[in-house]
Amino acid sequence: MRKQIAAANWKMNLTFKEAETLLDDILPKTDILKQDQNVIFAVPALYLTMAQNKISKKPNVFVAAQNIYSEETGAFTGEISATMVKSIGVNYVIVGHSERRKYFNESNQFLLEKVKSCLEEGIIPIFCCGENLHVREANEQENFVKMQLEESLFNSVKEEEIEKVIIAYEPIWAIGTGKTASCVEAQEMHFFIREQLTKKWGEAIANNISILYGGSVKASNAKEIFEKPDIDGGLIGGESLIADEFVEIIRALK
Ligand code: PGA
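Note that this is a predicted model, so its numbers are computed, not measured.

Colleague: Is there a simple way to think about the sheet that holds strand β8 (residues 233-236) in this case?
Modeller: Strands in a sheet are paired, the pairing made by backbone hydrogen bonds, and the direction either parallel or antiparallel. If you walk around this closed barrel you meet the eight strands as β1-β2-β3-β4-β5-β6-β7-β8, and the pairing is parallel. Looking at each pair of strands side by side, their axes are set apart by 25° on average, direction ignored. With five bridges connecting them, strand β2 (residues 37-43) and strand β3 (residues 61-65) associate as parallel partners. Bridging from a neighbouring strand, V43 pairs with A65 of β3. Here helix α7 (residues 141-154) sits on the sheet in contact with β5 (124-129) and β6 (166-169), set at roughly 150° to β5.

Here it is in structure tokens:
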């Protein structure tokens, strides 16, 4: 059965001390997690080891890197690889967040290389997709997301690998804007994504893949969003930096 997941995306926020305090405030409250519920903290690369040490006794809590480079090793100053991430025991990486696509020009093709690099290391990629406002207004969101999925996942990932991927649908117009997709809009897209997975890999596999929603999820709207049948939790930015808010979001998992 697929997992229900609350994934925190801290982005480029918090000093080391603040990061430690935030984890210390949230972690004791994760004891309420049921067996099929996970919490993931995507922290800045500098804090991965610290976070990994803090979560070590929590069976349903994991740490993620926010990004990797596609190559395994070599002269790529400033980058980190899936191999390096794996070597400190981290098993998740966010791939293709819209901020990486926008500010660092990451293409679907390049993201495919990152996905492959993760899977070769046994790391679970949290693959982000989602359209901008312009695409949504033209009612082209389904074609757009389909192309992202095809070019970065479907065309190259093997059947035995796809179940290891987590997908996050994050409409760009809802990220950090306070504007959330309506539950109906979100569910529609999640249903569409699962339908594409079913067409390509069959129902059993499609039903095993967690599809998270991201974009201004907060304590006050999480329950309503997570209740939808094809929404398996969220990727949460701003509100994951506030302990009480994030704990409420965790409680909203189904
Ligand atoms: P937000 O960010 O919750 O602040 O909208 C979500 C994300 O970018 O992952």
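Moving on from the model shown.
Colleague: Would you explain unusual backbone geometry in this entry?
Modeller: Backbone phi values are negative for most residues with the exception of glycine, while trans is the configuration of most peptide bonds. For K11, which is not a glycine, the phi torsion comes out positive at approximately 55°. Within the fold, K11 resides in the loop between β1 (4-9) and α1 (16-26). The phi torsion at S216 lies on the positive side, around 55°, for a residue other than glycine.

Colleague: Teacher, can you tell me more about α1 here?
Modeller: Side chains that are three or four residues apart share a direction in an α-helix, a result of its 3.6 residues per turn. Restricting attention to buried positions, one finds in α1 the residues A19, E20, L22, L23 and I26. Projected down its long axis, α1 carries its buried residues within an arc of 165°, all on one side. At its buried positions, α1 is contacted by β2, α2 (48-54) and α12 (243-251).

Colleague: What exactly am I supposed to notice about the pairing of β6 here?
Modeller: Looking along a regular strand, one sees the side chains alternate between the two faces of the sheet. Covered by surrounding structure in β6 are I166 and A168 together with I167 and Y169, the residues of both alternating faces. Pairing geometry for β5 and β6, over four bridges, is parallel. Across the sheet, the residue bridging to C129 is Y169, located in β6. Direction of pairing for β6 relative to strand β7 (residues 211-214): parallel, over a ladder of three bridges. Across the sheet, Y169 pairs through a bridge with Y213, a residue of β7.

Colleague: Looking at this structure, how should I read the site of the ligand?
Modeller: In the neighbourhood of the ligand, 13 residues make up the surrounding shell, with K11, H97, E170, G176 and S216 lying closest. Within the side chain of N9, one N or O atom sits 3.4 Å away from an oxygen atom of the ligand. Contact with the protein chains covers 95% of the free accessible surface of the ligand, which is 280 Å². In terms of residue class, the shell around the ligand is made up of four nonpolar, seven polar and two charged.

Colleague: When you look at the state of the cysteines in this model, what are you seeing that I'm missing?
Modeller: Linking two cysteines covalently via their sulfur atoms produces the bond known as a disulfide. Going through the model one piece at a time under the given rule, you end up with zero disulfides. Not engaged in a disulfide, the cysteine C183 finds its nearest cysteine sulfur in C129; these two sulfurs lie 18 Å apart.

Colleague: Before we go on, may I ask you to explain the environment of L14 in this structure?
Modeller: Within the secondary structure, L14 is located in the loop between β1 and α1. The exposure class assigned to L14 is partly exposed, which follows from its relative accessible area of 23%. Distance in space between the C-alpha atoms of L14 and Y47 is 10.0 Å, their sequence separation being 33 residues. Beyond its immediate sequence surroundings of up to four residues, L14 is in contact with A19, L22, Y47 and L241.

Colleague: Explanation requested: helix α11 (residues 219-226) in the structure shown.
Modeller: Among the residues of α11, those classed as buried are N221, A222, I225 and F226. All buried residues of α11 project into a common sector of 125° when viewed along the axis, lining one side. Exposed side of α11, more than 90 degrees from the buried face: S220 and E224 are the residues found there. Contact partners of the buried residues in α11: α9 (183-201), β7, β8 and α12.

Colleague: Explain the nonpolar core to me, please; I cannot follow it from the model alone.
Modeller: Generally speaking, a soluble globular protein has its nonpolar side chains buried in company with each other. Within the largest apolar cluster, 70 residues are counted, with the highest numbers of intra-cluster contacts made by F41, L153, I167 and I193. Looking at this core element by element, the count peaks at seven residues for α9. Discounting residues that sit within four places of it in the chain, I193 has contacts with C129, V145, L149, I167, Y169 and I211. Residues A42, I126, A168 and L212 belong to the second largest nonpolar core, which totals 13 residues.

Rules behind the numbers
Residues numbered from 1 in each chain as written. Predicted model: local features only at pLDDT ≥ 70, side-chain atom pairs only at ≥ 80, totals over all residues. Heavy atoms only, no water. Pairing = 2+ DSSP bridges. Helix = DSSP H or I, 4+ residues; strand = E, 2+ residues; numbered from the N terminus. Axes fitted to C-alpha atoms, helices over the stretch in contact; angles between N-to-C directions. Contact = heavy atoms within 4.5 Å. Buried < 20%, exposed > 50% of the residue type's maximum accessible area, 1.4 Å probe, protein only. Arc of directions from axis to C-beta. Near = heavy atom within 4 Å. Polar contact = N/O pair within 3.5 Å; in protein donor to acceptor, adjacent residues only side chain to side chain. Areas by Shrake-Rupley, 256 points an atom, 1.4 Å probe, with all protein chains shown as cover. Nonpolar A, V, L, I, M, F, W, Y, C, P; charged D, E, K, R; others polar. Disulfide = S-S within 2.5 Å. Core = buried A, V, L, I, M, F, W, Y, C linked by side-chain atoms within 4.5 Å.

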